[in-house]
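Below, each chain spelled out in residue letters.
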Amino acid sequence: MNDPHYANRIAQIGNICVQWSALEYHTAIAIWNLAGVVDQEIGKILTANLDLKQRVGMAFALAHTVNAPIPFKNAIKALQTALQNEDLIHRRNQAVHGIHFQIDEPGAAGIEMHRGKGGRVQRIQRDKDLNQLGARLAELRDSFLLALTAYVANLHADAVASIPSVKEALAIIENIASTNSRGDDKGPE
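All of these numbers come straight from a predicted model, not from anything done at the bench.

Undergrad: Can you walk me through unusual backbone geometry in this structure?
TA: Within the chain, Asn67 stands out as a residue other than glycine whose phi angle is a positive 55 degrees. Within the secondary structure, Asn67 sits in the loop between helix H3 (52-65) and helix H4 (70-85). Accessibility expressed as a relative area gives 59% for Asn67, which makes it exposed. Backbone geometry places Asp87, a non-glycine residue, at a positive phi of 55 degrees. For Asp87, the location among the structural elements is in the loop between H4 and helix H5 (88-97).

What follows is the structure, given as structure tokens:
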């Protein structure tokens, strides 16, 4: 289909998927670090079957159990609160899993869900709402990533404690996650 509206919608839905996936990944890394898991493959097994809500709940409980620093606890709580209060899970599921069809309203599409909140009722989903959701998820991702980086940097003396950008923060987190417990750079075997 060569409809520019359709292409824009697909791009927005793709952005929502990418932001959600990043939140899931960063929350998994938080769990691994909070639980003291040094082998990334073991960490993946522990968190593989948890959705974002479950991961955030587990990270929140672990952060309090290991008495993580207040800024990190606050970041987990902010993510947990946003998931609940802003209905992010339903909005994301509707965008990603809904059946989309054309309607006569510009900048919108019809949507139908076959399961989940709202039943099979057809409703309108506006492009501006998709854009807003993607931006909100990116905002949550960035703030959580910075708090996670500061926490992990504090756990690992060889990490840089002051992170000037989200991109550098992610690079540090990925480097730490791939370094094994002996401190060498071989990563998990």
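Undergrad: I'm lost on helix H2 (residues 40-47) in this one. Help?
TA: Every buried residue of H2 is listed here: Gln40, Gly43 and Thr47. The arc that holds the buried residues of H2, viewed along the axis, is 55 degrees, so those residues lie on one side.

Undergrad: Just checking my understanding: could you explain the side chain of Gln80 for this structure?
TA: Structurally, Gln80 can be placed in helix H4. Residue class for Gln80 comes out buried when judged on its relative accessible area of 15%. Not counting chain neighbours up to four residues away, the residues in contact with Gln80 comprise Val56, Gly57 and Phe60.

Undergrad: So what exactly am I meant to see when it comes to the pattern of salt bridges here?
TA: Applying the stated rule across the entire model yields 6 salt bridges. Asp127 is the salt-bridge partner of Arg9, the closest N and O atoms lying 2.7 Å from each other. Here the residue Arg9 occupies a position in helix H1 (residues 4-34), and Asp127 occupies one in helix H6 (residues 127-155), the gap between them amounting to 118 residues. For Arg9, a relative accessible area of 4% gives the class buried.

Reading the values: rules and limits
Residues numbered from 1 in each chain as written. Predicted model: local features only at pLDDT ≥ 70, side-chain atom pairs only at ≥ 80, totals over all residues. Heavy atoms only, no water. Helix = DSSP H or I, 4+ residues; strand = E, 2+ residues; numbered from the N terminus. Buried < 20%, exposed > 50% of the residue type's maximum accessible area, 1.4 Å probe, protein only. Arc of directions from axis to C-beta. Contact = heavy atoms within 4.5 Å. Salt bridge = Lys/Arg side-chain N within 4 Å of Asp/Glu carboxyl O.

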